[in-house]
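Here is how the chains run, residue by residue.
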Amino acid sequence: MNTKRTEQSLWLHLGAGAFHRAHQCWYLNKLHQKGDSRWSISLANIRNSSTQKMLEQLARQQGRYTLEIISPDGHIDYQTITSVQHVLPYDTQLTALVNEGSRPETGIISFTVTEGGYFLNDQGHLDLNAAPIQSDLAAEQDTVTLYGALYKILTARREKNSGPVTLLCCDNLRSNGQSFRRGLMEFVTARQDQPLLEWLEHNVSTPDSMVDRITPATGDELIERVRQQNITDDLVPVCCESFSQWVIHDDFIAGRPALEEAGVEFVEDVLPYEEAKIRVLNASHSGIAWAGGLLNKEFIDQSLLPEVRQWITAYVEQDVIPALEDSPLDLKQYCQTVLQRFSNPRVRDTCQRVSSDSIAKLHEFLVPTLKARYQQQQTPEATIRLIALYYLFMQRYANNSLPFSYQDRAGESVDFASIYRQKDPLAAFAAESKLFGSLAGNPVFTADLRQAVVSAREGIAALENDKP
């Protein structure tokens, strides 16, 4: 543990989404409530994203907002969050962001940019051919990736001799700290910046972490509920479930808040927690969202029909548990807890939000289990069923027949329109390396998926016919 800083310290976060404000900000706010306010958060975006208007409003509220926390039994708690002390304005040169990130007082830079924001290939290396990465490597246009933004910050930090800093990934990547570090080092290598590479080796730590809290998108209904609590000056509240977990490897090179006093778990090995969450919770969440899109459902809880619940349970019990083999966690019980959380109608997450960035989610959440079961010489029928749902989901996307708009940060990397125009679209889909890596084009997998798609199509049709 390194909590040596006693002066006022800054924690800069990149990616001003609802999850960060319901999770990391909430934990630091708990610490503030205990009387320890030595750290505060500076919040910023790295690009002109859809959250920019929220960020501008949050700045007008001086970083203060309301968090609505809903328990499974329906109890609602409203908390005022004040841990965000600085809201940084966006500009195309990221001037304020670079200035804040390069200050000596900034000891932590964390980020939530979704799985698709890391541009990692099947081997865990940076996809240097991805258009956004190419753009930031050329540095001829506005910065659009996490790596481009951090390159500017860390370059300024080295030049100013501002000292070491911890880069804390808070996204659902396997071994997320080390995976991100590899991508960052490869980006800097591609920039041919040897002085910065050497500085990074000695001045940056990248601890692994696992984060968990269901946080639906903010809507007008939430704002109205907050107003009913006589809170009339908050236009950017956040809603979340009462469950929350944060597990971190304690490797902070420039000090950290005493977050263990706020409920954060610091451990030597995050991997068992990561694997359980990624393979059980995140993969299941995506599978339910794909099913929901096929069933014309808006919300996750509406999509969790008994049959869909059975598909998820079978996926975990038949494939995930054997694939992980020696997990120290009770994955069967964890699965049922996850399904209970997803079915809470009071914490309504949309299929649109959960299904976004599915290219990276499929690759990160489901494909490892798929490969593991084949390596164990077993047919992963339950996993392939979820992939079949994704195939049908993207087919509707290609046909413009989904009930909502679908967005994917890595969308340009896979030409789904071309795939579904092929004489054998399923074979083209199964051969896509951006989705399945080394398994792409495997004839056994292709045949298994073909059978699963027929079954999934029949299952969805049966559910549609059972509508009251």
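Calculation notes
Residues numbered from 1 in each chain as written. Predicted model: local features only at pLDDT ≥ 70, side-chain atom pairs only at ≥ 80, totals over all residues. Heavy atoms only, no water. Helix = DSSP H or I, 4+ residues; strand = E, 2+ residues; numbered from the N terminus. Expected span 1.5 Å × (residues − 1). Buried < 20%, exposed > 50% of the residue type's maximum accessible area, 1.4 Å probe, protein only. Contact = heavy atoms within 4.5 Å. 1 Å grid on protein atoms, 1.4 Å probe; cavity = no way out; pocket = protein on both sides within 12 Å on 5 of 7 lines; lining within 4 Å. Points joined across faces, edges and corners; volume = space filled by probe spheres on them. Nonpolar A, V, L, I, M, F, W, Y, C, P; charged D, E, K, R; others polar. Salt bridge = Lys/Arg side-chain N within 4 Å of Asp/Glu carboxyl O. Disulfide = S-S within 2.5 Å.

Trainee: Go over helix α6 (residues 146–160), please, and point to the residues and values.
Mentor: Given 3.6 residues per turn, any residue in an α-helix points the same way as the ones three and four places further on. Across its 15 residues, α6 extends 21 Å between first and last C-alpha, which sits within 8% of the 21 Å expected from 1.5 Å per residue. Across the 15 residues that make up α6, a large majority, eleven, are buried. Among all positions in α6, only Leu146, Tyr147, Gly148, Ala149, Leu150, Tyr151, Ile153, Leu154, Thr155, Ala156 and Arg157 are buried. Backbone geometry just after α6 places asparagine 161 at a positive phi near 55°.

Trainee: A description of the environment of leucine 137 should follow, citing residues and the corresponding values.
Mentor: Mapped onto the fold, leucine 137 is located in helix α5 (residues 131–138). In sequence terms leucine 137 and phenylalanine 187 are 50 residues apart; their C-alpha atoms lie 7.5 Å from each other. Residues contacting leucine 137, with those up to four places away along its chain left out, are Leu128, Phe187, Ala190 and Arg191.

Trainee: Quick rundown of the layout of surface pockets? Include the residues and the values.
Mentor: Here the idea is plain: a probe the size of a water molecule rolls over the atoms and shows the empty space left. Each pocket or cavity is described by its volume, and for the second largest pocket that value is around 190 Å³. If you go around the second largest pocket, the residues you meet are Thr379, Glu381, Ile384, Arg385, Asp448, Gln451, Ala452 and Ser455. In terms of residue count, the dominant contributor to the lining of the second largest pocket is helix α20 (residues 443–465) (four residues). Looking at the lining of the second largest pocket residue by residue, the classes come out as two nonpolar, three polar and three charged.

Trainee: Which residues make up the pattern of salt bridges, and what are the values?
Mentor: Using the criterion set out here, one finds 18 salt bridges in the structure. Across the salt bridge formed by arginine 341 and aspartate 212, the nearest N and O atoms sit 2.9 Å from each other. In this pair, arginine 341 is assigned in helix α13 (residues 331–342) and aspartate 212 in strand β9 (residues 209–212), connecting sequence segments 129 residues apart. When its relative accessible area of 2% is taken as the criterion, aspartate 212 is described as buried. The partner of aspartate 301 in a salt bridge is arginine 348, and the shortest N-O contact between them spans 3.0 Å. Of the two residues, aspartate 301 is situated in helix α11 (residues 300–303) and arginine 348 in the loop between α13 and α14 (351–355); the sequence distance between them amounts to 47 residues.

Trainee: Kindly report on the state of the cysteines, identifying the contributing residues and their values.
Mentor: Any covalent bond linking the sulfur atoms of two cysteines counts as a disulfide. A full pass over the atoms with the stated rule returns zero disulfides. As a non-bridged cysteine, cysteine 170 has cysteine 169 as the owner of its nearest cysteine sulfur, 6.6 Å distant. Counting only cysteine sulfurs, cysteine 351 is the nearest neighbor of cysteine 335, a cysteine outside any disulfide, at a range of 18 Å.

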